[in-house]
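The residues making up each chain are set out below.
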Amino acid sequence: SGLGSNIGPMIYVPYLQQNTATARVTLVVRTAGEPTAVATAIQKAVWSVDMQQPIDAIRTLDAALGDSTAQPRFRALVLTAFSVAGLVLACVGVYGVAAYAAGVRRAEIGLRIALGARGSDVVRLLVRQSLRPVLIGIAAGVIVAAASARWINMLLNHAAPPDLATMG
């Protein structure tokens, strides 16, 4: 069922006492060499004891762990894609608002420069006035991220507790 699933109370039942058709035996083998090379030898050894034993799902531990973490990795990839898209949209929006504000104030900027203001002072003024809504948006984003951190952590299979670097 996967690494992220909770395992409840369990009881040991010997294989010979299981009377269900779905009873399964899992054989785990540690090898020194290539695991797939040993698989045929293990099949032959099992079939030499009982030819009727079905042998299926032969795979390495890496493959089993990969299957178990495939869903959380996909969720993380989708969240990352949407996050990057949101970041790009936010940057384009901030640029658009700043460019529009500077365009509307073109006459004022020209007048300031004509009266002797330095270009760096005008740029500093525009950046300072454009930065206020950006900082308000960042603060709101941090609050929403902190509020939704528990849900995102649960969605990503309890990957790690959120820290300041991740929030940033």
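Scroll up to find the structure this text is about.
Residues numbered from 1 in each chain as written. Predicted model: local features only at pLDDT ≥ 70, side-chain atom pairs only at ≥ 80, totals over all residues. Heavy atoms only, no water.

### Quick word on the overall build of the chain
When its secondary structure is counted, the chain shows six helices and zero strands. Shown N-terminal to C-terminal, the secondary structure of the chain runs as helices and strands in the order α-α-α-α-α-α. For a compact globule of 168 residues, the expected C-alpha radius of gyration is about 15 Å, and the chain comes in at 31 Å, more than 25% above that figure. Dimensions of the chain, computed from C-alpha atoms along their principal axes, come out at roughly 100 × 35 × 25 Å. Expressed as a percentage of its 168 residues, the buried residues of the chain come to 6%. A separation threshold of at least 6 residues defines the contact pool for the chain, and within that pool the share at least 24 residues apart is 40%. Within the structure as shown, the chain displays about 14,100 Å² of accessible surface, and the carbon and sulfur contribution to it stands at 66%. (Helix = DSSP H or I, 4+ residues; strand = E, 2+ residues; numbered from the N terminus. Rg over C-alpha atoms; globule rule 2.2 N^0.38 Å. Buried < 20%, exposed > 50% of the residue type's maximum accessible area, 1.4 Å probe, protein only. Contact = heavy atoms within 4.5 Å. Areas by Shrake-Rupley, 256 points an atom, 1.4 Å probe, with all protein chains shown as cover.)

### Some words on a nonpolar patch on the surface
On the surface, a cluster of nonpolar side chains totalling about 520 Å² of accessible area is made up of Val-123, Val-127, Leu-131, Leu-135, Ile-138 and Val-142. Within the fold, Val-142 resides in helix α5 (residues 119-155). (Patch = residues over 30% accessible without salt bridge, like charges linked within 9 Å, V, L, I, M, F, W, Y side chains within 5 Å. Salt bridge = Lys/Arg side-chain N within 4 Å of Asp/Glu carboxyl O.)

### Remarks on unusual backbone geometry
The phi dihedral of Ala-57 is positive, around 55°, even though this residue is not glycine. Relative to the helices and strands, Ala-57 is located in the loop between α1 (35-49) and α2 (61-68). A residue is classified by how much of its surface remains accessible, and Ala-57, at 56% relative accessible area, is exposed.

### Section: the pattern of salt bridges
Pairing of side chains with opposite charge becomes possible as their charged atoms draw close. Enumeration according to the criterion identifies five salt bridges in this entry. In this structure, Arg-59 and Asp-67 form a salt bridge, with 2.7 Å as the shortest nitrogen-oxygen distance. Among the ionic pairs, Arg-124 bridges to Asp-121, the shortest N-O distance being 3.0 Å. With Arg-124 and Asp-121 both in helix α5 and three residues apart, this pair spans about one turn of that helix. Classification of Asp-121 by relative accessible area gives partly exposed; the value is 27%.

### Digging into the side chain of Arg-105
The residue Arg-105 is located in the loop between α3 (70-104) and α4 (106-114) in this model. Relative accessible area serves as the criterion here: at 19%, Arg-105 is assigned to the buried category. Only 3.0 Å separates the side chain of Arg-105 from the side chain of Glu-108, close enough to count as a polar contact. Among all residues touching Arg-105, those that are not within four sequence positions of it are Leu-125, Leu-126 and Gln-129. (Polar contact = N/O pair within 3.5 Å; in protein donor to acceptor, adjacent residues only side chain to side chain.)

### Concerning the packing of α2 against α3
It is the contact of α2 with α3, at a shortest axis distance of 4 Å, that shows an interaxial angle of 50°. In terms of axis orientation, α2 runs oblique to α3. In contact with Gly-66, Asp-67 and Ser-68 of α2, α3 contributes Ala-70, Pro-72 and Arg-73. Within the contact of α2 with α3, the residues separate by chemical class into two nonpolar, two polar and two charged. (Axes fitted to C-alpha atoms, helices over the stretch in contact; angles between N-to-C directions. Parallel < 35°, antiparallel > 145°, perpendicular 65-115°, else oblique. Nonpolar A, V, L, I, M, F, W, Y, C, P; charged D, E, K, R; others polar.)

### As for the environment of Ala-98
Inspection of the secondary structure puts Ala-98 in helix α3. Residue class for Ala-98 comes out partly exposed when judged on its relative accessible area of 28%. Between the C-alpha atom of Ala-98 and that of Arg-132, which follows or precedes it by 34 residues, the distance is 11 Å.

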